[in-house]
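Breakdown of the fold
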Amino acid sequence: MKKWIMMCVICLLAVTGTMQSVQAAGFKDMNKNTSSLYVEVEYLVGRGIISGYPDGKFKPNAPIAKKHIAAMLVRALDLPMLDLKDPKYQDVPKTHPYYKEIAAAYTAGLFSDSANFQPESSISRAFMARLMGKACNLKVQKMAEGDPGFSDVPRNSEFHTDILKVSTNHIATGYPDGTFKPNQLITRSHFAAFLTRALTTRAMNILPDPKYTYYYTDGSSTYRYEYDRKEENGLAYWRIHNETKYESIPRLGFGQNLGAYVEAFDDWFHFDQYIPHPFVITKIHSENEIGPVNYGNVWITGTNEVRTVRDVNYQDVLAIETSIPWEKQTIFEYYAKDIGLIQRVDSSGKELFGLVKRVRK
């Protein structure tokens with residue numbers, strides 16, 4: 001029987017045009033398998049924060065104006081629109097069509113005092129970092145030992161801490177040359193991606209508890225899995241042992257301050273898959289690649305979902321979607337906080353693997 005590798009864990013932008021009810025899947029200029037920021041845009045579309053243009057395009061590379069950023073933040077954060085402080089921006093009078101949105105963001109402390117707001121201008125990646133930090137109350141995550149930071153963001157930069165907040169939370173990463181490009185202006189798709197990741201940042205443990213024995217079913221048989229933590233290459237792994245039959249089962253590992261990795265095995269090769277931790281909704285990349293992995297596409301599509309498996313409700317569920325082109329198949333995997341894998345389902349809705357129970361040893 002043919003074996004295939006299965007990965008285990010592992011903004012209103014349209015205010016620049018006439019809004020329409022269109023799903024990200026319908027954008028003519030964005031494709032899920034080729035657009036690296038598609039899943040982030042889709043997340044905001046599904047929540048009514050963004051939409052496309054009348055021509056069916058999203059225009060991902062177009063610049064985004066500050067007035068539209070303010071409107072996105074109001075919707076994303078559900079900011080109050082009453083009892084607003086007047087920011088007194090000379091170029092945003094109370095008659096301005098975006099006055100309330102800008103005033104709401106100002107009242108929330110997202111924009112600071114200034115003579116002018118420049119509502120038609122765009123913002124830099126550095127200012128985006130500051131906005132995300134304020135909007136989502138981000139904290140700097142402890143970095144890996146020896147992390148070099150960014151060559152173009154010195155410690156004395158006024159945005160140094162802001163950029164650390166978004167980079168250590170995997171909201172905005174740098175470029176292959178080791179730079180962050182803090183002065184580069186933000187596009188529509190990039191701001192949508194940064195906002196989605198900031199809104200969905202979750203720091204949670206999805207490793208199985210070693211104090212329990214786990215029982216899973218594939219629909220016909222029930223298997224007992226044991227936790228086995230081992231150290232390899234500086235990473236702490238768990239392995240699941242199937243006592244009933246041989247199966248090429250992936251394993252998930254957390255490296256101290258490094259994030260999460262998954263290694264999947266077959267008879268002839270293996271790969272390392274990098275999964276951002278804290279988790280954010282995004283396309284997952286290989287440890288050694290900046291771009292999408294070349295053996296299929298993998299996305300984190302949810303970081304705080306609710307999932308019911310055999311009448312048990314799980315909160316704070318991490319959802320992973322894996323597209324396997326050569327199998328013409330999509331696999332959905334769900335991981336519960338402090339438990340691990342609870343269910344694996346294919347694109348037809350059939351359960352391939354599900355947690356039956358866990359028993360304290």
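Since we're looking at a predicted model, the values are computed, not measured.

1. Details of the sheet that holds strand β13 (residues 340-346)
Taken in spatial order, the 8 strands line up as β2-β1-β14-β13-β12-β11-β10-β8 in an open sheet, and their pairing is antiparallel. Because the sheet does not close on itself, it has two edges, and the strands there are β2 (222-225) and β8 (282-283). Sheet topology note: the β8/strand β10 (residues 297-309) ladder contains 2 bridges and is antiparallel. Within β10, the residue paired with Lys283 across the bridge is Trp299.

2. Some points on the pattern of salt bridges
Taken as a whole and assessed by the stated rule, the structure comprises 9 salt bridges. As a salt-bridge pair, Asp316 and Arg202 come within 2.2 Å of each other at their nearest N and O atoms. A residue pair is termed long-range when its members are at least 10 positions apart, and Asp316 in strand β11 (residues 312-324) and Arg202 in the loop between α6 (188-200) and β1 (212-217) qualify at 114 residues. By relative accessible area, which is 25% here, Arg202 ends up partly exposed. The structure contains a network of salt bridges with shared partners spanning Arg130, Glu158 and Asp162.

3. Overview of unusual backbone geometry
Backbone geometry places Lys88, a non-glycine residue, at a positive phi of 60°. With respect to the element layout, Lys88 can be found in the loop between α2 (66-77) and α3 (99-107). The backbone phi angle of Gln118 is positive, close to 55°, even though this residue is not glycine. Take Gln118: it is sitting in the loop between α3 and α4 (125-136).

4. Description of the nonpolar core
Membership of the largest hydrophobic core comes to 55 residues, with the highest contact counts inside it found for Met128, Met132 and Phe191. Of all the elements in the fold, those that place two or more residues in this core are α1 (38-46), α2, α3, α4, α5 (160-168) and α6. Counting residues in each nonpolar core, the second largest holds 27 residues, with Tyr223, Val309, Ala319 and Ala336 among its members.

5. Some thoughts on the environment of Lys350
Assignment of secondary structure puts Lys350 in the loop between β13 and β14 (351-360). A relative accessible area of 52% places Lys350 in the exposed class. For the pair Lys350 and Ile331, spaced 19 residues apart in sequence, the C-alpha separation works out to 9.9 Å. Those residues within four positions of Lys350 in sequence are excluded, and the remaining contacts are Arg344 and Val345.

6. So, α1
Because the α-helix completes a turn every 3.6 residues, residues three or four places apart line up on one side. Of all 9 residues that make up α1, 7 are buried, and the element is covered over most of its length. Lining the buried residues of α1 we find α2, α6, β8 and β10. Looking one or two residues beyond α1, the residue adopting positive phi is Gly48, at roughly 70°.

Parameters at a glance
- Residues numbered from 1 in each chain as written.
- Predicted model: local features only at pLDDT ≥ 70, side-chain atom pairs only at ≥ 80, totals over all residues.
- Heavy atoms only, no water.
- Pairing = 2+ DSSP bridges.
- Helix = DSSP H or I, 4+ residues; strand = E, 2+ residues; numbered from the N terminus.
- Salt bridge = Lys/Arg side-chain N within 4 Å of Asp/Glu carboxyl O.
- Buried < 20%, exposed > 50% of the residue type's maximum accessible area, 1.4 Å probe, protein only.
- Core = buried A, V, L, I, M, F, W, Y, C linked by side-chain atoms within 4.5 Å.
- Contact = heavy atoms within 4.5 Å.

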